Amino acid sequence: MIASERSEPPESDSRVAKDAAEATTGASFARGGSWTALGSVAPQLYTLLVSVVAARYLGPDGMGRQSYIAFATLTATMLLTGGLPTSLLRFVGEARGRGEPEALRGIVDRAWRIETGAAALGAAAFVAVGLLGAAPRSAWLLSAIVCAAGILHRIPNSVLWGAQRWREASIVLLVTGTLSTVATVLVLVAGGGIVGMFAVQAVLGVANLLWTGLLARRLLRELAPRRGPTGRLGREFIRYAGGASLGVILTLVVFRRSEFFFLERFSGDTQIALYSIAFAASTALVTVPQTIAGAISPAFATLFGAGATDRIRAGYSRALRLLLLSTLPVVAGALVLGPATLRLAYGSDYEGTGAVLLILLAPSPLIPLMGVSYSLLVGLGKIRFPLISGTIAAVVNIGLDLLLIPDHEAIGAALANSGAQVVAALIVVGYSCRLLGDVRWEPAAILRAMLASAGAGLAAWGALSALGGAAGVAAGVIVGSAVFALLAMVLRVVSPVDAQWLDELAGRRAGGLVGRVCRLSAGMPAR
């Protein structure tokens, strides 16, 4: 049993642990998940907007070069932070659940020392690349600042997330993201090009770090007014971070556009641009459910620290069902309307993005399920199996990259990435369900949701075919949404147990309309 793998908190701290566990409820998670989703979906929308403007002003080759430098920056940031942010997030949650908050400050101080060295190393690497002749040189030099700020920012952000302070972390991202988007667009219009884009990122990255750092420092004073020994938690924090760091490498291969390396080797900047645009669009479509799934990790860790195994099982089961329900209609609409939308947004120079997008969308319903399963394993401190599954998926990904990209370019890259994601998702979700046991899927409701999503997709396709262009896309969204809402109530796509939970959580919103919709979608009488 899961509960047997943890020791009980000291008796003197049992009240603190109980309070933390009792505060971790469906309502608290829903509020936090909403803020987290907002703080993640907005940057994704900002990225798409900037990419549209950049595609117009930079052209396919310039767009590909900018995407490659940005990918290199992100890759370096993830490699040098490793699994330390994930470990920090997890142990902040467990320390609260166990009633040992005094250990937090020592753990966070240790994280700062490690990542300060990593930030210096990352900055030096990008400066060296720029000075050795990589073009455009100034963009690579500015990326040194972006990389260093990004590495350091992960520490205070993980503290906020681990303490379930999603609202504060999300507000920072929303404000700095908005400023960055406006500034980047203005720079591109003014002719600042690739260098101007990275200058904006450098300035806002530093601002993001300073703001989030201030919030985290204030929070630590509140949670841990006195510093205590880190003890067992400190040792486990480092050990878990080491294992999670291996997982970061595997994540980079399967989920972070590692195909860029192969496209640059076997193709060129234009194919990188096509793949980058389609990848960003497919990622944006599942940002909300995937972010909500990722936000569950500290809640699982807190409940694990308090020994609330039954609540973990119930929460995981419900998360699987509701995430799948929310993802299916979005993916169905994207399959129909996505290619036309990209043609309208980016122009004829990027015609090839449509086929790439369709391939990348194929595994999308599984991605949020994998995200919540990974959050469960992080919360429970399980690190070995994600490494095994990630290794398998990475081998599949690289093998398919070498097999498909030389002849099929961006389409081959999409096939390789989608295949690896399907493998990873099936393994992680299957293991997590077996680990908990007695996971309730409600398969009949899921089947009905699939039928409703397919009907909505067909309706959207009819509207697009009839009108075409921007009017067809807009009509497809409206008609598809209306048809899904109707079919959801007719087919009863929500299970009664989930409808009851949703009604209790948010049924009174919008004058009781939310509750009535939830109950009708489950075939329950409206009240």
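It should be noted that the structure appears before, not after, this text.
Here the structure is a predicted model, which is why all the values come from computation and not from measurement. (Residues numbered from 1 in each chain as written. Predicted model: local features only at pLDDT ≥ 70, side-chain atom pairs only at ≥ 80, totals over all residues. Heavy atoms only, no water.)

A. Molecular detail of the side chain of Ser373. Summarising the element assignment, Ser373 is placed in helix α14 (residues 366-379). Ser373 gets classed as buried once you look at its relative accessible area, which sits at 0%. With sequence-adjacent residues up to four places away left out, Ser373 is seen in contact with Tyr316, Leu320, Val428, Val429 and Ser432. (Helix = DSSP H or I, 4+ residues; strand = E, 2+ residues; numbered from the N terminus. Buried < 20%, exposed > 50% of the residue type's maximum accessible area, 1.4 Å probe, protein only. Contact = heavy atoms within 4.5 Å.)

B. Empty space enclosed by the protein, seen in detail. Per the counting criterion, the structure on display carries two cavities of 30 Å³ or more. A volume near 70 Å³ is recorded for the second largest cavity. Around the second largest cavity, the lining residues are Arg321, Leu322, Leu325, Trp441, Glu442, Ala445, Ile446, Val493, Val494, Ser495 and Asp498. Residue assignment for the lining of the second largest cavity shows that the elements contributing at least two residues are α12 (309-346) and α16 (443-467). Broken down by element, the lining of the second largest cavity gets its largest block of residues, three residues, from α12. Class assignment for the residues of the lining of the second largest cavity results in seven nonpolar, one polar and three charged. (1 Å grid on protein atoms, 1.4 Å probe; cavity = no way out; pocket = protein on both sides within 12 Å on 5 of 7 lines; lining within 4 Å. Points joined across faces, edges and corners; volume = space filled by probe spheres on them. Nonpolar A, V, L, I, M, F, W, Y, C, P; charged D, E, K, R; others polar.)

C. Here's a closer look at the nonpolar core. Counting 36 residues, the largest nonpolar core has Met63, Tyr275, Tyr346, Tyr350, Val356 and Leu360 as its most contacted members. Within the residue set of this core, elements represented by two or more residues are α2 (26-81), α9 (259-266), α10 (269-285), α12, α13 (353-361) and α15 (384-436). When residues in this core are grouped by element, the largest group, ten residues, is from α10. Leu89, Ile155, Tyr240 and Val378 belong to the second-largest nonpolar core, a separate cluster that totals 30 residues. (Core = buried A, V, L, I, M, F, W, Y, C linked by side-chain atoms within 4.5 Å.)

D. Summary view of the environment of Asn397. Relative to the elements of secondary structure, Asn397 occurs in helix α15. Judged by its relative accessible area of 0%, Asn397 falls in the buried class. Residues Asn397 and Glu259, 138 residues apart in the sequence, show an inter-C-alpha distance of 8.9 Å.

E. How the structure looks around helix α4 (residues 104-131). For α4, with 28 residues, the first-to-last C-alpha span of 40 Å sits near the 40 Å given by 1.5 Å per residue. Among the residues trailing α4, Gly133 stands out with phi positive, at a value near 110°. (Expected span 1.5 Å × (residues − 1).)

F. Region of interest: the packing of α4 against helix α7 (residues 193-223). With their axes 10 Å apart at the nearest point, α4 and α7 run at an angle of 155° to one another. As far as their axial angle goes, α7 and α4 are roughly antiparallel. In this structure, α4 contributes Leu104, Arg105, Val108 and Trp112 to the contact, and α7 contributes Leu209, Leu220 and Leu223. Residues belonging to the contact of α4 with α7 are distributed by class as follows: six nonpolar, no polar and one charged. (Axes fitted to C-alpha atoms, helices over the stretch in contact; angles between N-to-C directions. Parallel < 35°, antiparallel > 145°, perpendicular 65-115°, else oblique.)

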